[in-house]
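Fold and contact review
For reference, the chains in residue letters:
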Amino acid sequence: MRVALQVTCVNDAMFPETGKAVVRLLRRLGVEVDFPQAQTCCGQPMVNTGYVDEAVPVVRTFVDAFAGYDAVVTPSGSCAGSARHQHSIVAERSGDPALVAAVAETGPRTYELSEFLVDVLGVTDVGAYFPHRVTYHPTCHSLRMLGVGDRPRRLLEAVRGIELVELPHASECCGFGGTFALKNADTSVAMGADKARHVRDTGAEVLVAGDNSCLMHVGGLLSRQRAGVRVAHLAEVLASTEDDA
């Protein structure tokens, strides 16, 4: 199986350890992983703010970069959701039948990390070890757009040494929402403060999620509050072993 990592913009620019964790994890599970150098943005920021025409060349770059792979794996429900649901809208808008056909090929083969592990590889125990008290936040796009359900939680429950505690009001949005956080900053911060309070109430050492954009938002608030809670992407937890500890 030829698998490509779509690392995402925010991870490439700010959280490169997450991309490295995905590669370590998949290689440990016997998967050959490529990193296509031509990849750029998935186009979601443009689409979400109404610049659908401007997203056409970005989507074209995406399908060209990931053509020919059996699967595209991304550590982001947000970006996977864009590839699976928004790219077809952009392609239809372009009026280019070749782009429509290309999107029909790459979209269904693009998976959020937990989907790929559970649905494609058929594993929940990935051999991870993470001896910490953890709570999990299900991000909006993974929960509502992709419908990943309990896959991330099943993966976490199989991690050796972990103490997984339920996050109150887990399905509520953290308030980030990409450009929403810029256009509606006060509302975004208020929603984030609610999420941070619920995280603190769990007594967790680590907040885990599948999107670093959400972790950046809530983690920033927890840091300012000196809550003593750190954040970690799901991939980093699953890539951890007893050697790391």
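Residues numbered from 1 in each chain as written. Predicted model: local features only at pLDDT ≥ 70, side-chain atom pairs only at ≥ 80, totals over all residues. Heavy atoms only, no water.

Moving on: the UniProt feature "domain: Cysteine-rich" (unreviewed entry) in the chain. Feature annotation in UniProt places "domain: Cysteine-rich" (unreviewed entry) on residues 3–80 and 134–218, given in this structure's numbering. Measuring from the first to the last C-alpha atom of residues 3–80 gives 14 Å, for a span that is 54% helix and 13% strand. With 51% helix and 12% strand, residues 134–218 has its two end C-alpha atoms placed 15 Å apart. (UniProt positions renumbered as here; feature names shortened; annotations may be inferred. Helix = DSSP H or I, 4+ residues; strand = E, 2+ residues; numbered from the N terminus.)

Another aspect to go through is the pairing of strand β3 (residues 71–74). Neither face of β3 is open: one carries Ala71 and Val73, the other Val72 and Thr74, and all of them are buried. Pairing geometry for β3 and strand β4 (residues 110–112), over three bridges, is parallel. Across the sheet, Val72 pairs through a bridge with Thr110, a residue of β4. (Buried < 20%, exposed > 50% of the residue type's maximum accessible area, 1.4 Å probe, protein only. Pairing = 2+ DSSP bridges.)

Per the stated rule, a full pass over the model turns up two aromatic pairs. The interplanar angle of 55 degrees and the centroid separation of 6.0 Å between the aromatic rings of Tyr111 and Phe116 together place this pair among those described as tilted. Here the basic side chain of Arg2 rests over the ring of Tyr69, its NZ or CZ set 4.3 Å away from the ring centre. (Phe/Tyr/Trp six-rings, centres within 6.5 Å; stacked < 30°, edge-to-face > 60°. Lys NZ or Arg CZ within 6 Å of the ring centre and 35° of its normal.)

This part is about the side chain of Gln86. If you trace the backbone, Gln86 turns up in helix α5 (residues 77–94). Residue Gln86 is classed as buried on the basis of its relative accessible area of 9%. Not counting residues up to four positions away in its chain, the partners in contact with Gln86 are Gln44, Val47, Asn48 and Gly81. (Contact = heavy atoms within 4.5 Å.)

In this section: helix α12 (residues 212–224). For α12, spanning 13 residues, the distance from its first C-alpha to its last is 18 Å, which sits close to the expected 18 Å at 1.5 Å a residue. Counting buried positions along α12 yields ten of 13 residues, so the element is predominantly enclosed. Where α12 is concerned, the buried positions are Asn212, Ser213, Cys214, Leu215, His217, Val218, Gly219, Gly220, Leu221 and Leu222. Looking at the buried side of α12, the elements it contacts are α1 (9–14), α2 (16–28), α11 (185–202), β7 (206–209) and β8 (230–233). Positive backbone phi, approximately 50 degrees, marks Arg226, located one or two places after α12. (Expected span 1.5 Å × (residues − 1).)

Orientation of α11 relative to α12, taken along the N-to-C sense of each, is 70 degrees, at an axis distance of 9 Å. When the axes of α11 and α12 are compared, the pair comes out roughly perpendicular. Contacts from Ser188, Val189, Gly192, Ala193, Lys195, Ala196, Val199 and Arg200 in α11 reach His217, Val218, Leu221 and Leu222 in α12. For the contact of α11 with α12, the class distribution of residues is seven nonpolar, three polar and two charged. (Axes fitted to C-alpha atoms, helices over the stretch in contact; angles between N-to-C directions. Parallel < 35°, antiparallel > 145°, perpendicular 65-115°, else oblique. Nonpolar A, V, L, I, M, F, W, Y, C, P; charged D, E, K, R; others polar.)

Formed by 33 residues in total, the largest nonpolar core has its most connected members in Leu26, Val208 and Leu238. Those elements that provide at least two residues to this core are β1 (2–5), α2, β3, α7 (113–120), β5 (133–136), α9 (151–157), β7 and α13 (234–239). With sequence-adjacent residues up to four places away left out, Leu26 is seen in contact with Val3, Val31, Val33, Val73, Phe116, Leu117 and Leu121. If you look at the next biggest cluster of nonpolar residues, it comprises 19 residues, including Ala55, Phe62, Ala65 and Ala83. (Core = buried A, V, L, I, M, F, W, Y, C linked by side-chain atoms within 4.5 Å.)

With that out of the way, let us pick up the packing of helix α4 (residues 52–65) against α5. Working note: a packed helix pair is described by the angle between its axes plus the distance between those axes. Here α4 crosses α5 at 115 degrees, and the two axes come no closer than 9 Å. The pairing of α4 with α5 is recorded here as roughly perpendicular in orientation. Considering how the two elements wind past one another, α4 and α5 form a crossing that is left-handed. Contacts between α4 and α5 pair Val52, Asp53, Ala55, Val56, Val59 and Phe62 from the former with Ala83, His87, Val90, Arg93 and Ser94 from the latter. Looking at the contact of α4 with α5 residue by residue, the class counts come to seven nonpolar, two polar and two charged. (Left-handed = near helix turned anticlockwise from the far one by under 90°.)

The subject of this paragraph is the side chain of Asn11. Secondary-structure assignment places Asn11 in helix α1. Exposure remark for Asn11: the relative accessible area of 1% places this residue in the buried category. At 2.9 Å, the side chain of Asn11 forms a polar contact with the backbone oxygen of Val7. Polar contacts involving the side chain of Asn11 include one to the side chain of Thr8, which spans 3.0 Å. Discounting residues that sit within four places of it in the chain, Asn11 has contacts with Pro16, Thr18, Pro75 and Asn212. (Polar contact = N/O pair within 3.5 Å; in protein donor to acceptor, adjacent residues only side chain to side chain.)

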